[in-house]
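# Observations on chain architecture
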Amino acid sequence: MKKLQKILEEVTEISQIPMILYDPDGNCTAFYINHSNTSATTPESLTNSVLEFIHSNVDSQSLGTFHYFKIITSDTLSYVLLVSNFAPDSFTIGRLTVCQLKHLLESQEESVTKSGFIRSLVNGSLTASEINRQIKKLKLSAASWAAFVIECQDGFADSYAYQTLEHAFAGHKMDLCCELDENHLLLMKDISNILKEYKTSEIKTTRKKKNTLPPDTEYISCCLKRFAQTLADTLRAEALVQTHIGYSTTADSFSQLGRLYHEALTALNIRRTFFAEQDTIAYDRLGIGRLIAELPTDLCNTFLYEVFGAHLPDDLDEETQHTIHIFYENNLNISETARQLYLHRNTLVYRLERLEKRLGLDIRKFEDAMTFKLALMVLAHVRE
């Protein structure tokens, strides 16, 4: 779009003829007018006539104070150009400008790749008409996708992580993948291919009573989780890179792919703060981490002061942190925690009592355990 605007600026400057560019929906995308030839006409006042011209069967016409031109590439209407007809050579200038814009668009289409398309799409650098044109050029059709943002350790570009991703996981026609930067890859995966790889009998949901999600949604969620873990394990084994993955919900239109990307990226960022021990994280499984990530810093600091006072738990040793982690994993069960840590029950009780004296919280009690867990998550958010 920037190149189109540059051409229009230069032509307007040379010819001194005002020009207006519209997209195929009749929206003004560029407006250039020479101030020595100002007019009361505005792009908005011409919208109805532009829409009528778009739906007509002619490629050019003169109407009122403007010449109207259609810019067509690959048999698709890309833009409509209006050129002021106050000068004798306005029509010729308009035709020459249309030729320039058409050749530019066609040259851009020749260099379109699936990876370049998805990168530009999620970055928001494509207009609606450019998206439709590139979709047609790449012969893509709608599917149901999920986005997977893969974070790799430093220096992955020297390995073949992207080639592994492209060949092993993006082999279907509607799969899209690209390199986002030197540490992140993006895979837009057609979920119909994920669902085919897992039989219903192989997936058992973990919820026993009332599922909060419909059965189909729960099944898709389980399939995406297994695929994400397989993706992480394969990249580590084949490309020898440490990876973490955030993945999105699903959508079935190109216009929603940007949203899926931001969901996956959000999940990855929140994983780093609150779920660092997990290899993969789903956007719809962020739980309380999503809420804490939205809290303002001032409110977080106030809460931390209420819980810990002026002395934050900055220097908990590794043994104490591990003990707390296992204790929470076992739902505050002292006996099971002691068994897994190979400790005598009284030794574990002593550790927890020592922690209580230090923090003023007895995490053997549910309320204190919940407060301490939330405080640690808030502290991680503030530091991040």
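Residues numbered from 1 in each chain as written. Predicted model: local features only at pLDDT ≥ 70, side-chain atom pairs only at ≥ 80, totals over all residues. Heavy atoms only, no water.

### Some thoughts on the layout of surface pockets
Over the atoms rolls a probe the size of a water molecule, and in doing so it shows where empty space is left. Definition in use: A cavity, in this analysis, means grid points on a 1 Å lattice covering only the protein atoms where a 1.4 Å probe fits yet has no way out; a pocket is instead an open set bounded by protein on both sides within 12 Å along at least five of seven lines, and a residue lines either one if it has an atom within 4 Å of a point. Grid points are joined across faces, edges and corners, and a volume is the space filled by probe spheres set on the points. In this description a helix means any DSSP run of H or I spanning at least four residues, a strand means any run of E spanning at least two, and both kinds are numbered starting from the N terminus. Under the scheme applied, nonpolar residues are Ala, Val, Leu, Ile, Met, Phe, Trp, Tyr, Cys and Pro; charged residues are Asp, Glu, Lys and Arg; polar residues are all the others, including Gly.
A volume near 930 Å³ is recorded for the largest pocket. Every residue lining the largest pocket is counted, 23 residues in all, and those nearest its centre are F274, E277, H325, K373 and L376. At the level of secondary structure, the elements contributing two or more residues to the lining of the largest pocket comprise α9 (257-274), α12 (318-329) and α15 (366-383). A breakdown of the residues in the lining of the largest pocket according to their chemical character gives eleven nonpolar, five polar and seven charged.

### Notes on the side chain of T273
The cut-off we apply is this: Contacts are assigned to residue pairs with any non-hydrogen atoms lying within 4.5 Å of each other.
By secondary structure assignment, the location of T273 is in helix α9. If sequence neighbours within four positions are ignored, T273 has contacts with A380, H381 and E384.

### Regarding unusual backbone geometry
Note the threshold: Burial classes: relative accessible area under 20% of the type maximum marks a residue as buried, over 50% as exposed, and values in between as partly exposed (1.4 Å probe, protein chains only).
Although it is not a glycine, L240 sits at a positive phi angle of roughly 60°. Of note, L240 is situated in the loop between α8 (215-238) and β9 (243-251). Although it is not a glycine, L332 adopts a positive phi angle of roughly 65°. Structurally, the position occupied by L332 is in the loop between α12 and α13 (334-340). Residue L332 is classed as partly exposed on the basis of its relative accessible area of 22%.

### Comments concerning the sheet that holds strand β4 (residues 66-73)
This is how the line gets drawn: The rule for pairing is simple: two strands pair if DSSP sees at least two bridges between them. In this analysis, axes come from line fits to C-alpha atoms, helices being fitted only over the stretch in contact, and the angle between any two N-to-C directions falls in the range 0 to 180 degrees.
Across the sheet, which stays open at both edges, the five strands sit in the order β2-β1-β5-β4-β3 with antiparallel pairing between neighbours. The outermost strands of the open sheet, each flanked by one partner alone, are β2 (28-32) and β3 (60-63). Sheet twist, expressed as the average angle between the axes of neighbouring strands with direction ignored, equals 15°. Here helix α2 (residues 47-54) sits on the sheet and contacts β1 (19-22), β3, β4 and β5 (76-84); the angle it forms with β4, its principal contact strand, is near 45°. The strands touched by helix α5 (residues 128-138) within the sheet are β4 and β5, with β5 carrying the most contacts at an inclination of about 140°.

### Concerning the packing of aromatic side chains
Note the threshold: Each pair of aromatic rings taken from Phe, Tyr and Trp, with Trp reduced to its six-membered ring, is defined by centres within 6.5 Å and is described as stacked if the planes are under 30 degrees apart, edge-to-face if over 60, and tilted in the remaining cases.
Scanning the entire structure with this criterion turns up nine aromatic pairs. One aromatic cluster is present, formed by F148, F169, F227 and Y247 through successive ring pairs.

### Here we look at the pairing of strand β6 (residues 145-152)
For β6, a buried count of eight out of eight residues is recorded, marking the element as mostly surrounded by other parts of the structure. Taking every second residue as pointing to the same face, both faces of β6 are buried, with W145, A147, V149 and E151 on one and A146, F148, I150 and C152 on the other. Strand direction decides the pairing type here: β6 and strand β8 (residues 184-190), joined by seven bridges, are antiparallel. In the strand pairing of β8, A146 is matched with K189. Pairing geometry for β6 and β9, over seven bridges, is antiparallel.

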